[in-house]
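Each chain, written out:
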Amino acid sequence: MTGTNSINIGDRDYPVLSGSVGPDVVDIRKLYANTGKFTYDPGFTSTASCESGLTYIDGDEGILLHRGYPIGQLAEHSSFMEVAYLLLNGELPDKAEFDKFNYTITRHTMLHEQLATFYRGFRRDAHPMAIMCGVVGALSAFYHDSTDITDPRQRMIASHRLIAKMPTIAAMAYKYSVGQPFLYPKNDLSYTGNFLRMTFGVPAEEYEIHPAVERALDRIFILHADHEQNASTSTVRLAGSSGANPFACIAAGIACLWGPAHGGANEAALNMLHEIGRPERIPEYIARAKDKNDPFRLMGFGHRVYKNYDPRATVMQKTVREVFDALKVSDPVFEVALQLEEMALKDDYFVEKKLFPNVDFYSGVILSAIGFPTTMFTALFALARTVGWVAQWNEMISDPDQKIGRPRQLYTGPTQRDYIPVEQR
Ligand code: CMC
């Protein structure tokens, strides 16, 4: 971070800081002390909440870089485990580093056996995200030896545990909902292959992993691995800023991700495509999305940062075709999605507001073809985003400028008044 310029506010100069790329930021940390005034920025549309070297997005150009590497290149040539290493450590691993990392993650895939009992406390029809929030938060009750956040070794063990256990936790949430026995992880499988087997396998039979499906799902995980200071990542950072343990912080991130404006959009997008059902009905839904008096929005469309095509959606659309070809299936909702995209991108409303398909628009079509129920979609997002969350959390804890997050407010409630006893009100 460098700062050569400054900006004048009131009678003082405030430093303007430059990152390696992207907009400069005005360092207003002394603003309140100097002026007695706060800034007002609901939704943080103009606020950089931290310094970070992990992920860069150029929303106008539709660029997403992890540690400098374009998402398209990572999706095509890398693996989710390699991207996890990259996000956590800053550089791509050499062969020995990668093997060691893979080995470490693989050795943390099992859950404490008592946690299986914990699952049985949930209703069978519980949403997998409800189970994920509960079980991930509960990890802090089981892994006391990795909750001391002042110890870098414990922080790394907790990070590895979270990344490794998330597929087991998500698969068990699914198994519980369908009434099938939990499957233990099998450590000779890949991260993603293991997850597929724990989800769709049964103890009575060998589970054969379809290589194209394994590759497609691994790519989906890469596309979801991190995304700068989005709502759930900011939630993880804010929770972590108080010194809370990493398991509790990631549970907070999962809770935030669940919402339909964020990770819940993949489930909502596929439900919407099913509701539209036929291409002839698309204009009706486009009209509804444009109607100010109708709360309906095109799910999987629009983004706070991307004002261009989300680069993840490009890869996602290509992956739909690969999965359909590999599994020799098709789905009429894909045709609805393609035509909806085409019509929306020609419509003045979407053009003027720069609303493009985002990562969630096509992901549901793929996940559904693989066999996941819609309720699992956001759980898969959480599984993959855990890598970003733990990398961001580690970065925050190691940052010497880190303080507890404590925004202020523009108070518009009553000013001080005297209490009136109930009989006099
Ligand atoms: N359909 C119709 N209109 C939309 C849509 C949409 N999907 N998205 C934004 N708009 C309109 C919105 O009504 C507003 O219009 P106006 O300026 O006339 O009031 C304008 O575009 C700007 O929208 P905004 O809500 O102020 O923008 P935001 O940056 O606060 O919201 C968003 C971003 C992603 C929450 C929003 O685009 C949205 O709700 N999209 C649908 C949900 C979705 O797909 N979410 C997944 C995001 S990507 C994955 C992730 O990050 O989790």
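Residues numbered from 1 in each chain as written. Predicted model: local features only at pLDDT ≥ 70, side-chain atom pairs only at ≥ 80, totals over all residues. Heavy atoms only, no water.

Going by what an unreviewed UniProt entry lists, the protein is known as Citrate synthase and is assigned to Sphingomonas canadensis. Entered under Sequence similarities (unreviewed entry) in the UniProt record, the comment concerning the protein runs "Belongs to the citrate synthase family." Quoted straight from UniProt, the Pathway (unreviewed entry) entry for the protein says "Carbohydrate metabolism; tricarboxylic acid cycle; isocitrate from oxaloacetate: step 1/2." (UniProt positions renumbered as here; feature names shortened; annotations may be inferred.)

Ranked by size, the top nonpolar core spans 118 residues in total, and within it Tyr119, Phe195, Leu273 and Phe372 carry the most contacts. For this core, the leading source of residues is helix H18 (residues 377-398), giving 14 residues. Apart from the residues within four sequence positions on either side, Leu273 is in contact with Val333, Val336, Ala337, Leu340, Phe361 and Val365. (Core = buried A, V, L, I, M, F, W, Y, C linked by side-chain atoms within 4.5 Å. Buried < 20%, exposed > 50% of the residue type's maximum accessible area, 1.4 Å probe, protein only. Helix = DSSP H or I, 4+ residues; strand = E, 2+ residues; numbered from the N terminus. Contact = heavy atoms within 4.5 Å.)

Our next topic: helix H10 (residues 231-241). Buried within H10 we find Ser232, Thr233, Val236, Arg237, Gly240 and Ser241. In this structure, the buried side of H10 is in contact with helix H11 (246-257) and H18.

What surrounds the ligand is a group of 22 residues, the closest being His262, Lys292, Leu298, Arg304 and Lys353. Measuring from an oxygen atom of the ligand, one finds a backbone N or O atom of Gly263 at 3.5 Å. Here an oxygen atom of the ligand sits 2.7 Å away from a polar atom, N or O, in the side chain of Arg304. Considering the ligand on its own, with 940 Å² of exposed area, one finds that the protein chains cover 75% of that surface. When grouped by side-chain class, the residues that make up the shell around the ligand number 11 nonpolar, six polar and five charged. (Near = heavy atom within 4 Å. Polar contact = N/O pair within 3.5 Å; in protein donor to acceptor, adjacent residues only side chain to side chain. Areas by Shrake-Rupley, 256 points an atom, 1.4 Å probe, with all protein chains shown as cover. Nonpolar A, V, L, I, M, F, W, Y, C, P; charged D, E, K, R; others polar.)

Here helix H7 (residues 152-178) is 27 residues long and its end C-alpha atoms lie 39 Å apart, about the 39 Å a rise of 1.5 Å per residue gives. The buried fraction of H7 amounts to 22 of the 27 residues, a majority that puts the element mostly inside the structure. Where H7 begins, one side-chain oxygen reaches toward the backbone nitrogen of Arg153, 2.9 Å away; that side chain belongs to Asp151. Two residues or fewer after H7 comes Gly179, characterised by a positive phi angle close to 75°. (Expected span 1.5 Å × (residues − 1).)

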